[in-house]
Amino acid sequence: MATNITDQDPRGGGSVWNLDEKLDQPMDEEARKLKNMYTEKKLSAVMLLQLAFQSLGVVYGDLGTSPLYVFYNTFPDGIKDPEDLIGALSLIIYSLTLIPLLKYVLIVCRANDNGQGGTFAIYSLLCRHAKLRTIPNEDRSDEELTTYSRSTFREQSFAARTKRWLEGHAFMKNTMLILVLIGSCMVIGDGILTPAISVLSAIGGINVGHPMISNDIVVLVAVLVLAVLFSIQHHGIDKVGWLFAPIVLLWFLIIGGIGIFNIWKYDSSVLKAFSPVYIYRYFRRGKRDSWTSLGGIMLSITGTEALFADLSHFPVSSIQLAFTVVVFPCLLLAYSGQAAYLMKNSDHIVGAFYHSIPDCIYWPVFVVATAAAVVASQATISATFSLIKQALALGCFPRVKVVHTSERFLNQIYIPDVNWILMILCIAVTAGFKNQNQIGNASGTAVVIVMLVTTFLMILVMILVWRCHWILVLIFTVLSLAVECTYFSAVVLKVNQGGWVPLVISAVFFAIMYIWHYGTLRRYEIEMHSKVSMAWVLGLGPSLGLVRVPGVGLVYTELAHGVPRIFSHFITNLPAIHSVVVFVCVKYLPVYTVPEEERFVIKRIGPKEFHIFRCVARYGYKDLHKKDYDFEKKLFDSLIMYVRLDSLMDGCSDSDEYSLPDQQDEQMSDMHFNGNSSISKVNSSISSVESIVQVSSPPPHTNDIGYSNRSSAQIEIDELLFLNNCRDAGVVHILGNTIIRVRRESNFCKRIAIDYVYAFLKKICRENSSMLNVPHESLLNVGQVFYV
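Everything numeric in this text was worked out from a predicted model, so none of it was measured.

Caption draft 1: Region of interest: the confidence of the model for the protein chain. Model confidence for the protein chain is summarised by a mean pLDDT of 79, while 82% of its residues fall at 70 or above. Scored below 50 in pLDDT, residues 1–41 shows 84 contacts in the model against residues more than four places distant or in partner chains. Note on residues 651–709: pLDDT is under 50 here. Beyond four places in sequence and across chains, it has 106 contacts.

Caption draft 2: A look at the packing of aromatic side chains. Under the criterion given, the structure shown has 19 aromatic pairs. Here Phe510 and Tyr514 contribute two aromatic rings whose centre-to-centre distance is 5.8 Å and whose plane-to-plane angle is 10 degrees, an arrangement assigned as stacked. Of the two residues, Phe510 and Tyr514 both sit in helix α23 (residues 500–530), four residues apart, roughly one turn of that helix. Accessibility expressed as a relative area gives 22% for Phe510, which makes it partly exposed. In this structure Tyr514 comes out as partly exposed when scored by relative accessible area, which is 28%. Members of the aromatic cluster, each reached through a chain of ring pairs, are Trp251, Phe353, Tyr354, Tyr362, Trp363 and Phe366. The lysine or arginine in question, Arg281, covers the ring of Tyr278, its NZ or CZ lying 5.0 Å from the ring centre.

Caption draft 3: Inspection of the pairing of strand β6 (residues 600–605) at higher detail. Burial analysis of β6 places six of its six residues in the buried class, which makes it a mostly covered element. Side-chain alternation along β6 places Phe600, Ile602 and Arg604 on one buried face and Val601, Lys603 and Ile605 on a second face that is also buried. As judged from the six bridges shared by β6 and strand β7 (residues 612–619), these two strands associate in the antiparallel manner. Considered in β7, the bridge of Ile602 is made with Cys615. Here β6 folds back onto β7, and the loop between the two strands holds six residues, one of which, Gly606, carries a positive phi near 80 degrees.

Caption draft 4: Inspection of the environment of Ser356 at higher detail. By secondary structure assignment, the location of Ser356 is in the loop between α18 (352–355) and α19 (362–393). C-alpha separation for the pair Ser356 and Ala339, spaced 17 residues apart in sequence, amounts to 9.6 Å. Discounting chain neighbours no more than four positions away, the residues touching Ser356 are Ile258, Asn262, Gln338 and Tyr341. Within the structure, Ser356 has its side chain in polar contact with the backbone oxygen of Phe353 (distance 2.7 Å).

Conventions we followed
- Residues numbered from 1 in each chain as written.
- Predicted model: local features only at pLDDT ≥ 70, side-chain atom pairs only at ≥ 80, totals over all residues.
- Heavy atoms only, no water.
- pLDDT = per-residue confidence, 0-100.
- Contact = heavy atoms within 4.5 Å.
- Phe/Tyr/Trp six-rings, centres within 6.5 Å; stacked < 30°, edge-to-face > 60°.
- Helix = DSSP H or I, 4+ residues; strand = E, 2+ residues; numbered from the N terminus.
- Buried < 20%, exposed > 50% of the residue type's maximum accessible area, 1.4 Å probe, protein only.
- Lys NZ or Arg CZ within 6 Å of the ring centre and 35° of its normal.
- Pairing = 2+ DSSP bridges.
- Polar contact = N/O pair within 3.5 Å; in protein donor to acceptor, adjacent residues only side chain to side chain.

In structure tokens form, the structure reads like this:
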């Protein structure tokens, strides 16, 4: 039985660990005001308008820059029939209506995990309603978290049957994980392609304004802009983020205004594209050519997936308001205006947006377009960082450095290694293709696959979380797949025209993420099967002359139950343990955050006089353990609070309550690995509480009788003083350096995955001590080799 320890002042002053004190500097008034805004269930009209305005700069930058390149990618070989423009415009109108508006803004955005969006957020939400995680490290106490929201099912309900079907097949769990990884890798690919096509299309206005400038100059300028964009990522966007919303709002107003002007000046008959009849005529007339042009029309809804991934910054209602009032009508006007212009100037399909701008405002619009492209690129880069952080927390990505770039907003992070990889790939794509068409084909492939993955995940959300009737689930599935599979069939035809780029990039990232997760899972399974019973540990004293040395030993393990083999390996080779031993398990749960007051779970292992504890530190996928610079202090404060509560419960025989279930669980294991990796049976009869030698400097007030003649208050004072003295003597962090190798009889694929790919990733990734913020001078690594 575990006890949740509330982070309280040991002197008795209530809760002292809050968000304000966690940061290096207190929140200013603006940040506190925003925090209160996000937590209110009902927003005032003024507040809602303010948040809707701010969401424009974060959420809709990518979607808003699509008019720069959609028509050129739809008709790369020129416009053969003016009626084709009407059909293409009709497709754009209904694509914007069905996918961003109906599917994402009105439905998918509601499938958020306490305000968090993206494929991993949906996966975490599903994992709380069904046991879908491949690494089973959750405990019953985890379900008591305030952020661990879940619901129960009726035994014979459709949701309950679906849940049992998913949990009963390991294949379905792996399929779910693979599906999430594919969607995540495609988002990473889009994070590379969106900056490339947005910036290249915006800078392409130079070529339209001055035809004598060659395309190579345009590409060079775009590459320089991208290099600067990625180079300043480490500064964060907190200082300049307030500019994003005004820039994007101005951009939407400009493209909407230009659209109205062009409709009035050139051809208002394009408005008949609101009739879906012209979609049928478009396909009947163009046949295969019309079908392949869907790859270009698909670009009109790129950025929709980023809309869901960046959901964590704002309430759903503010995002819905911004889209329906500003984004949706301005985009319809922009595309209709371009179509009206092209009806009279079909030879200007290259750079159609810039050609349609009135000469008097050309260069101001060019500046705003470039700024909007940079904002759109920043949104996708930030979404990629956030996704990598989530994958890292769920054991699906190698350990990398994660830096908070803002003291006020915890969602703003920067990952140096990933940033430079994105920059190299983005510049390579821009300089390699040198035109919008092939980059557009690549971007469309990535986007449609992400949308398909989201649809499959949403089906499970509607069944397990929302408990929708199967007819509603069927309607959503049919409508979504009908549109998205149509687009997918079109982008598949353009794989050889640039569509292969996101497939290759995503395949590389998928291999990295899946192999790393596979290695992590195998390592966890080995530790679970090789954990030793406490009976064996207690029985080692007389045979090895085990002694207790002054100080505190923090033994890090991935196990929330049982004694890890690293501990037996350590004391077998060095027969001594510290006066106080704490098994520390840092684990991430499928929740977006764990409140500070619920961070630690403490329990005692063995009788009180042995001073052996277990501490489970729990984090959500948005939390960052590296941010807890005073992690050690918080751990000891929680330990002291546990001892105080433990003494109050002394009449309840707390030693039995906390120790026996844990020991019984450990004694259920019938074998363990000894120091030389041999396997032997556990003999529980050698277990004895006197087998560990007592500490040479016993706590005050002890006598031959031990604890029995003293009151609970005296025992509490003695143990607290003893813990403080041990902490002053020194704290040693004991980490296991686990190396896994495949057995000789393993197949070729497994050997490549473990002995080469996983070993290489483990070698180049960050040390676990750096991720845990362990002081180097207090670190002790214990090496182990396991064969799988």
